[in-house]
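Inside the fold
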Amino acid sequence: MASSIKAGLMAGLKTTWSLGKIIFPITLIVVILQYTPFLPWIIQFVSPVMGWLGLSGNAAIPIVLGIFLNLYAGIAGVLSLTLTVKEVFIIAVMLSFAHNLWIESSVAVKAGVKSWVVLFVRLGLALLSAFIIQLVWHGGNEQAQYGFSAAAEVGVHGFWDILLLGFEKAIMGIWKLALIVMPLMIGIQILKDLKWIDVFSRWMAPFTKMLGMRENTSTTLAAGLLFGLAYGAGVMIQAVEEDGVSQKDVTLAFIFLVACHAVVEDTIIFAPLGINVLPLLLIRLSTATVLTLIVGFFWKRKKSKVIEGSGLKL
């Protein structure tokens, strides 16, 4: 047991350091940009697009905050506005697909997935889902009633205050990551040494096989589904390195996870906004499943053609 804890601790430290080098500079830069004309300029730039998505122009505020930062920032933006139930639901669906875009996408790239794939899937799903919802849903025009009030922001004055706030948020982000990753990696190492991961992989095998992946991808899927891309990244990256997950399987796994990860936290967090979160969960799960099946089908078909063209038998 002691050797398992030591190995898990070392893996946790390695993962925290690796991800911290991504999280710290991105968080620092984004916090500083909040106090520059850059984010307001982006909001003004994307406002005309909001109408196509069934949203008012100021809905760009929570969307931009959620994409650049995280769901909590996006929800804070929602709470500062007067929106309809339909608008809040559309924003929730969009942000569930494309929140914390830079950090979580960087994590996927760290695991070996091409950056353009992650960005295309997440932004594409966000825009497509919003467009479809505003077409098919003709209700929800009543004003949304929020379950709580937005927390008051601390006043920041001057460059050094902004820089200090950026450092505080970046360090706090890494600290929160370490608090989750360290025990998680220790627990995973213990489960691996006790061979329980093999049992879990067999349980997940039918689902991973249905999605076109081998059973050794199950650990990656479970970590992302339960803990999210950022917090589950340590387990996912380690699984890719140690379990021999192929490039195809890791790509399919992350296509599924960029559409549907941290299903508990990222769903419940929207409940206080006065929307029904069950459809939100079903939309994410069904979209992730269908998208992964489609990509897996065409990937397999392309591989078959290559093999046939080379004159080899399947």
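Just so it is clear, the model here is predicted, and its values are computed rather than measured. (Residues numbered from 1 in each chain as written. Predicted model: local features only at pLDDT ≥ 70, side-chain atom pairs only at ≥ 80, totals over all residues. Heavy atoms only, no water.)

All right, on to the packing of helix α7 (residues 115-136) against helix α12 (residues 247-259) then. Helix-helix packing is characterised by the crossing angle of the two axes and by the distance between the axes. Between α7 and α12, whose axes approach to 9 Å, the crossing angle comes to 35°. In terms of crossing hand, the pair formed by α7 and α12 is right-handed. Contact residues: Val117, Val118, Val121, Arg122 and Leu125 in α7; Ile255, Val258 and Ala259 in α12. Counted by class, the contact of α7 with α12 contains 7 nonpolar, no polar and 1 charged residues. (Axes fitted to C-alpha atoms, helices over the stretch in contact; angles between N-to-C directions. Helix = DSSP H or I, 4+ residues; strand = E, 2+ residues; numbered from the N terminus. Left-handed = near helix turned anticlockwise from the far one by under 90°. Contact = heavy atoms within 4.5 Å. Nonpolar A, V, L, I, M, F, W, Y, C, P; charged D, E, K, R; others polar.)

A separate point is the packing of helix α4 (residues 71-79) against helix α5 (residues 85-98). Contact pair α4 / α5: the axes reach a minimum separation of 11 Å and the direction vectors enclose 165°. By the angle class used here, α4 and α5 are roughly antiparallel. Note on packing geometry: the crossing formed by α4 with α5 is right-handed. Between α4 and α5, the residues in contact are Leu71, Gly74 and Val78 and Val88, Ile91, Leu95 and Ser96, respectively. Considered class by class, the residues forming the contact of α4 with α5 number 5 nonpolar, 2 polar and no charged. (Parallel < 35°, antiparallel > 145°, perpendicular 65-115°, else oblique.)

Generally speaking, a soluble globular protein has its nonpolar side chains buried in company with each other. Membership of the largest hydrophobic core comes to 85 residues, with the highest contact counts inside it found for Leu55, Ile91, Met94, Leu221, Phe254 and Phe270. The element contributing the most residues to this core is α5, with 11 residues. Setting aside residues no more than four positions away along its own chain, Met94 makes contact with Leu53, Leu55, Ile63, Ala126, Leu127 and Ala130. (Core = buried A, V, L, I, M, F, W, Y, C linked by side-chain atoms within 4.5 Å. Buried < 20%, exposed > 50% of the residue type's maximum accessible area, 1.4 Å probe, protein only.)

Think of it this way: side chains of opposite charge can pair up when their charged atoms draw near. Per the counting criterion, the structure on display carries 1 salt bridge. The shortest N-O distance in the salt bridge between Glu104 and Arg122 comes to 3.1 Å. Taken as a pair, Glu104 in helix α6 (residues 101-110) and Arg122 in helix α7 lie far apart in primary sequence, 18 residues in all. Residues Glu104 and Arg122 agree in their burial class; the two are buried. (Salt bridge = Lys/Arg side-chain N within 4 Å of Asp/Glu carboxyl O.)

Further remarks concern the UniProt feature "transmembrane region" (unreviewed entry) in the chain. The residues that UniProt annotates with the feature "transmembrane region" (unreviewed entry) are residues 22-43, 55-75, 115-137, 143-167, 174-191, 220-240, 252-275 and 281-299. End C-alpha to end C-alpha, residues 22-43 measures 25 Å, and it is 86% helix and 0% strand. The annotated region residues 115-137 carries 96% helix and 0% strand content, and the separation between its end C-alpha atoms amounts to 33 Å. (UniProt positions renumbered as here; feature names shortened; annotations may be inferred.)

Turning our eyes to something else, we now look at the packing of aromatic side chains. With the rule as written, the count across this model stands at 7 aromatic pairs. Here Phe24 and Phe167 contribute two aromatic rings whose centre-to-centre distance is 5.5 Å and whose plane-to-plane angle is 65°, an arrangement assigned as edge-to-face. Pair noted here: Phe24 is in helix α1 (residues 2-34) and Phe167 is in helix α8 (residues 159-193), with a separation of 143 residues, a long-range link. In this structure Phe24 comes out as partly exposed when scored by relative accessible area, which is 22%. With 5.9 Å between their ring centres and 70° between their planes, Phe68 and Trp102 make a pair best called edge-to-face. Linking Phe68 in helix α3 (residues 60-68) with Trp102 in helix α6, this pair joins segments that are 34 residues apart in sequence. (Phe/Tyr/Trp six-rings, centres within 6.5 Å; stacked < 30°, edge-to-face > 60°.)

For Ala108, the position within the fold is in helix α6. Classification of Ala108 by relative accessible area gives buried; the value is 0%. C-alpha separation for the pair Ala108 and Arg202, spaced 94 residues apart in sequence, amounts to 25 Å. Aside from chain neighbours lying at most four places away, what touches Ala108 is Val113, Val118 and Phe254.

This part is about the side chain of Glu104. Of the residues examined, Glu104 reaches a relative accessible area of 6% and is grouped as buried. There is a polar contact of 3.1 Å between the side chain of Glu104 and the side chain of Arg122. (Polar contact = N/O pair within 3.5 Å; in protein donor to acceptor, adjacent residues only side chain to side chain.)

Any region with low pLDDT has predicted coordinates that should not be read closely. Taken residue by residue, the chain gives an average pLDDT of 81. The fraction at 70 or more is 91%. Across the chain, the secondary-structure element scoring lowest on mean pLDDT is helix α11 (residues 233-242), at 72, and the one scoring highest is α5, at 94. (pLDDT = per-residue confidence, 0-100.)

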